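# Reading the structure
Chain residues, written in single-letter form:
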Amino acid sequence: MPRRHAQEYDVLVIGGGLSGVIAATAAARNGATTLLVERDGALGGTMTACLVGPMMTFHSATEQVIRGLPQELVDRLVAYGASPGHILDTSGYVATVTPFDAEGLRLIAQRMVLESGAGVLFHASVTGVETTDRRVTGVRLTSQGVERTLTAHTVVDATGDATIAALAGAPTAYGRPEDGLVQPVTLMVKLSGWDRETFTDYAIAHPDVLRLSRRGVAPYRTEHLVAVCGFSDVLQRAIAAGELGSLRREHVLFFNTHRPDEVIVNMSRVAGVNPLDPDSLSAAEIEAREQVHAIVTFLRRHIPGFANTWVVATGSRVGVRESRRIVGEVVLTASAVHEGRRWPDVIARSAYPIDIHAPTGLSAADDPGLHDDFVSQGVTYEIPYRALLPQSVDGLLVAGRCISTTSAAHGATRVSPSCMAFGQAAGTAAALAARYGSTPREVNVSELQHLLAQQGASLA
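Residues numbered from 1 in each chain as written. Predicted model: local features only at pLDDT ≥ 70, side-chain atom pairs only at ≥ 80, totals over all residues. Heavy atoms only, no water.

### Concerning the environment of L225
How we decide: Counting from the N terminus, the helices are DSSP H or I runs at least four residues long and the strands are E runs at least two residues long. Only protein chains enter the calculation, and the probe is 1.4 Å; a residue is then buried if its accessible area is under 20% of its type maximum, exposed if over 50%, and partly exposed in between. Note on contacts: a residue pair is in contact if any heavy atoms of the two residues lie within 4.5 Å.
With respect to the helices, strands and loops of the structure, L225 is situated in the loop between α7 (219–222) and β11 (227–230). By relative accessible area, L225 is classed as buried at 8%. Spatially, the C-alpha atoms of L225 and V97 are 10.0 Å apart, while their sequence positions differ by 128 residues. Those residues in contact with L225 that sit more than four places away from it in its chain are P84, I87, T90, P99, N256, T257 and H258.

In structure tokens:
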């Protein structure tokens, strides 16, 4: 029989992605006994396990809108030599991107959590939740044959899939309203042997094949790190010729890393996947790996600088853009994003556009659900605290990409800098609830905002 253990905390954070890392750090720094629970053996979630990068974006066109603990994480990465910090997005998609070394991020995230006083439990999978009168009081886990019931005053769901909220019976939403589909998954691949000089010479001579920032093609010569989006015509010809199998993608997209001959390629796309269904997800992993093989072959044949590249690594699993979301006290909408709506209970700001990859896997011409919906120059939008509070359930906060939004607005809020900002708010609120013996719904929002501001968060 498996051994059983029970432990009690002020705050339990479930999920060790970046939102969970920041939530646990914030909770512990605000005086709560805190444990961060992660299913893998390292922190960072999709940013480390799935090789997703760079971080996009901490800035609007005119200002930095995400600060506080997320910025501290970046500062520590820079000091460790694992990131150059915020740099120009040469592809022109957002104002800045923040490259990082995944191994460095694993270490810095771990140090940040442990130095805060929080504990970490790796290799633990959620099997259920404990509730009393619709209040979450604990989480049931299994780890290497050991069953544990961890109890807490407040639980933060940073699973990305709203797993704790769903198990507790909170209302959730999934997919876009017209057909219930979610955005496709992607398997990232890291290549070495990239010839930067050959690529740059071609880019300078053929700027029309690239999507460029306001500074044009010049940064491809002057900047050490670049984001590349383009080569649409050659890609579409290869797709039409059957060179890329099932892949349907609009552009070649890659980012070089701090190593001069290394790039991360974000091109595979498997649509029609249900990330909550292991059979569906398993099929997606198989298809994505075949796509990556075809993509690498295509790059070697057709894109300057890739002729002698080789695969260093692929993500340990596909990166999931969208799955289940909570239905919260407020549901953030696409119109609120576009309008730059202000909320009295603001806990974070962002300027990332509504970025939706076609749930059908088709092109923009074939699927109107695919679009890049940019906010106006200099406009930022706010995230209300109530979007972190699931309806009908107490004792629970949500951080990360599964906060309460519509499917369209989720395209804007799902990225790592924003998710970290939600984590800082959720962790701080959870600590306040434990301090006063209240539920998260009863937390004094003014006090929460004051603490977030003291911790460097940008709320206005």
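### A word on the sheet that holds strand β10 (residues 189–192)
Using the following cut-off: Two strands qualify as a pair provided DSSP detects at least 2 bridges between them. Where helices are involved, their axes are fitted lines through C-alpha atoms of the stretch in contact, as for all axes, and angles between N-to-C directions lie from 0 to 180°.
A sheet is described by the order of its strands in space; here five strands give the open sequence β11-β12-β13-β10-β14, paired in antiparallel fashion. With partners counted over all chains shown, the strands left at the sheet margins are β11 and β14 (310–314), one partner each. The mean angle between the axes of side-by-side strands here comes to 25°, regardless of whether they run parallel or antiparallel. As judged from the four bridges shared by β10 and β14, these two strands associate in the antiparallel manner. Looking at β14, one finds that L191 is bridged to V311. Along the sheet, helix α9 (residues 278–302) makes contact with β10, β12 (252–256), β13 (263–265) and β14, crossing β14 at roughly 150°.

### Here we look at the side chain of S416
Take S416: it is sitting in helix α12 (residues 416–436). Since its relative accessible area comes to 13%, S416 is described here as buried. For S416, the residues in contact, after removing those within four places along its chain, are L18, M47, M55 and M56.

### A few points about the pattern of salt bridges
Heads up, the condition is: Any carboxyl oxygen of Asp or Glu within 4 Å of a side-chain nitrogen of Lys or Arg constitutes a salt bridge here.
All told, the structure shown has 21 salt bridges when counted by the stated rule. Linked through salt bridges whose partners overlap, the residues forming this network are R29, E72, R76 and E115.

### So, helix α13 (residues 445–454)
The following threshold applies: The arc under discussion is defined with respect to the helix axis, by the directions toward the C-beta atoms. Counting of polar contacts relies on pairs of N or O atoms within 3.5 Å, with two restrictions inside protein: one atom must be capable of donating a hydrogen and the other of accepting it, and residues adjacent in sequence are counted only when both atoms are side-chain atoms.
Of all the residues in α13, the buried ones are L448, Q449, L451 and L452. Buried residues along α13 cover an arc of 160° about the axis, so they all sit on one side. Exposed and oriented more than 90 degrees from the buried face of α13 are S446 and Q454. Looking at the buried positions of α13, the neighbouring elements they touch are β16 (346–350) and α12. Where α13 begins, one side-chain oxygen reaches toward the backbone nitrogen of S446, 3.0 Å away; that side chain belongs to N444. Remark: G456 follows α13 within two positions and exhibits a positive phi of approximately 95°.

### Quick look at the pairing of β16
The element β16 is extensively covered by neighbouring structure, given that five of its five residues are classed as buried. The pairing of β16 with strand β19 (residues 381–384) spans four bridges and is classified as antiparallel. Pairing of V346 across the sheet is with P384, part of β19.

### Quick look at empty space enclosed by the protein
Quick note on the threshold: Grid points spaced at 1 Å and placed over the protein atoms alone form the basis of the search, with a cavity being a set where a 1.4 Å probe fits but cannot get out and a pocket an open set showing protein on both sides within 12 Å along at least five of seven lines. Lining residues have an atom within 4 Å of a point. Grid points are joined across faces, edges and corners, and a volume is the space filled by probe spheres set on the points.
Throughout the structure, instances matching the rule amount to three cavities of 30 Å³ or more. Size it by volume and the largest cavity reaches roughly 170 Å³. Lining the largest cavity are 19 residues, and of these P99, F100, D101, T257 and I264 lie nearest its centre. As a volume, the second largest cavity reaches approximately 60 Å³.

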